[in-house]
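Close look at the chain arrangement
This is what each chain is made of:
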Amino acid sequence: MSTTEKPAPTSGKPATSDKPTSMNEASERDPYNNNSYGTLIDQPYKAANLPVIDVPDFNERVIRSYEDGTGEKGLPADLGTARSLIPAGTAVLRDFSYVGPEIPIFITENCTGCMECVTECPDTAILGKVLSEPDLESKLEKIGNVEDRTMFEKQWSTTRKYYDGPKKKGKDGGRFAIIIDPSKCKGCAECVTVCGDDALKMIDKTDDKMTEIRKSHRLFKEFGPSDEQYINDNLLIDMMLREKTHIYVGGAGSCAGCGEGTALRMLCAATGAKYGDQWAIVAATGCNTVYTSTYPYNPYLVPWTNSLFENVAADAMGIRARWDQKGWSDKPIWAIGGDGAMFDIGFQSLSRLLASGMNVKVFVLDTQVYSNTGGQASTATFTGQNAKMSLHGKEFGGKQERRKEIAQIAMMHPRTYVAQTTAAHTNHFYKAVLGALEFDGPAIVNCYTTCQPEHGVGDDMASDQARLAVDSRAFPMLIHDPRKGATIKKRLTLQGNPAMKADWFTNPKTGETVDFIDFARSEGRFSKHFDKDGNPSKLLQFTNQDRLENWHILQELAGII
């Protein structure tokens, strides 16, 4: 088993050797060992005690060939490929440092330690850590190169949250760092957008700056895990300070800024915080499987299998039954899929699962479009949306049908936990997922996930658009928990939505009402519904009313009106 016994030394100098090095060690290709297992600290390869796959051989032979560009023609056909098997976490060995002309840098004096950037990054490229000041100073002293020591020390901030607070209680202050993994960052700038403190900014990649960032990331991993005394379990957003929550590692092939990537990372973090790696994923064919299992790269550190487009729920039920037979009833199973797997062709199978009472959890990546096959419309698509198979033309202005509301339909199944949330609403998201995990029966979490190319928004806009979707009633948040009472009114809460008792939310900064037309105006998929003066089409006005009617139904069910 290959380990990370020979990382680049803390002098900041790259490791060199005449003999071939492991893919999990520093090399000429990766001099500071940025592409190594472990997210916050160095780890060995994730072993698999199976006779059908040799993890070290796969990583050293197959991954190496793909990374150096010889895989397509240089690798012979083998059983691993025929069996479609990929070891856990191989995507971490993938290098994306050549992607994007810019990279974020950390401005320590502005940071408050809010962890928003760490949480919302879709590529596990923004990493946080907190150490006690004495421990940090001790580790810094061991860096032989004075310039490297000074450079790295400047990246540890003194925030009110981790430093001033403990100091007031007579404890050592905690120094907090945000470090960029240059091998995983795609330059989407989502971290800059979500940072309300201006503690991150994008800069051009230069050789000198990239060397500094690579050195910093290497030192960051060598400095060990976060100090547990500074991690508050009541602050759910802090969970990514722990290594065990990084079940979804960097290196997935998703688009820059992908909303699905962030949602999957957060889902894995919440489940990992509670169950470590003792759980599994059954993923329906779709965009999520394209970027998480494009051979030979796998970003998951838990058992994962890819089911057909239409039967992920049935597949998960079968695995659940077998696991229960083996006495593994305490290990969760998440069935993951998008519009087709859950709203459309796979809907019957999903309904069967929810009606079965089986303890399977379902996570829906709701993009309102078939992202991986070219942007076709689905039953989750909003009325008027311009998508393939519902194109905006002279006769019809995009999709004519109303959107299917999967949350309301799921609530009508017997004793089913239902949540509708977004990754941008961090606390609501984590509470929804943890609630689903704690529930002893079927649970479904429907998550709004921005798809930049199909929604027609910028790479850095996933979080902003998700918030606007909620504010405009396009995608209301909710949690329906059967444990809360015998009536829907008692079981359903709309907490987290703005102005819950009103028709529309009024922006306190502008005094203007926020409705679906405002949301549509911000996305390219609705651009043809506005004339040259910015006036919305009649169909878009109909959609606006449809969204209000849907909101009224939820208000009525929750006993608000």
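Residues numbered from 1 in each chain as written. Predicted model: local features only at pLDDT ≥ 70, side-chain atom pairs only at ≥ 80, totals over all residues. Heavy atoms only, no water.

Helix and strand counts for the protein chain stand at 21 helices and 15 strands. Here the analysis covers contacts within the protein chain between residues at least 6 apart in sequence; of these, 74% occur between residues at least 24 apart. Summed over its atoms, the accessible surface of the protein chain is roughly 23000 Å², and 50% of this surface lies on carbon and sulfur atoms. Averaging the coordinates of the 64 positive side-chain charges in the protein chain and doing the same for the 72 negative ones gives two points 4 Å apart. (Helix = DSSP H or I, 4+ residues; strand = E, 2+ residues; numbered from the N terminus. Contact = heavy atoms within 4.5 Å. Areas by Shrake-Rupley, 256 points an atom, 1.4 Å probe, with all protein chains shown as cover. Lys, Arg positive; Asp, Glu negative; His and termini not counted. Charge placed at Lys NZ, Arg CZ, Asp CG, Glu CD.)

Spatial ordering of the open sheet is given by β7-β6-β8-β9-β11-β10-β12-β13, a layout of eight strands whose pairing is mixed. With one partner strand each, in any of the chains shown, β7 (304-307) and β13 (492-493) form the two edges of the open sheet. Across two bridges, the pairing between strand β12 (residues 478-480) and β13 is antiparallel. Bridge pairing in β13 places I479 opposite T493. (Pairing = 2+ DSSP bridges.)

The strand order across the open sheet formed by three strands is β2-β4-β3, and the pairing between neighbours is antiparallel. Looking at the sheet topology across the chains shown, the edges are occupied by β2 (126-132) and β3 (156-157). As defined by bridge partners, β3 adjoins strand β4 (residues 174-180) across two bridges and the pair is classed as antiparallel. Residue pairing across strands places W156 opposite A177, the latter belonging to β4.

A word on the packing of helix α6 (residues 146-153) against helix α9 (residues 207-222). For the pair α6 and α9, interaxial distance at closest approach is 10 Å and the crossing angle is 80°. Taken together, the axes of α6 and α9 lie roughly perpendicular to each other. Note on element contacts: α9 touches α6 through E212, K215, S216, L219 and F220, opposite D148, M151 and F152. A per-class count over the contact of α6 with α9 returns four nonpolar, one polar and three charged. (Axes fitted to C-alpha atoms, helices over the stretch in contact; angles between N-to-C directions. Parallel < 35°, antiparallel > 145°, perpendicular 65-115°, else oblique. Nonpolar A, V, L, I, M, F, W, Y, C, P; charged D, E, K, R; others polar.)

What follows is about the packing of aromatic side chains. Applying the stated criterion across every chain, the model contains 22 aromatic pairs. Among the aromatic side chains, those forming a connected cluster through ring pairs are W334, F363, F429 and Y430. The ring of W328 has K331 lying over it, and the distance from NZ or CZ to the ring centre is 4.2 Å. The ring of F347 is capped by K404, whose NZ or CZ atom sits 4.2 Å from the centre of that ring. (Phe/Tyr/Trp six-rings, centres within 6.5 Å; stacked < 30°, edge-to-face > 60°. Lys NZ or Arg CZ within 6 Å of the ring centre and 35° of its normal.)

Coordinates in, geometry out; function isn't part of it.
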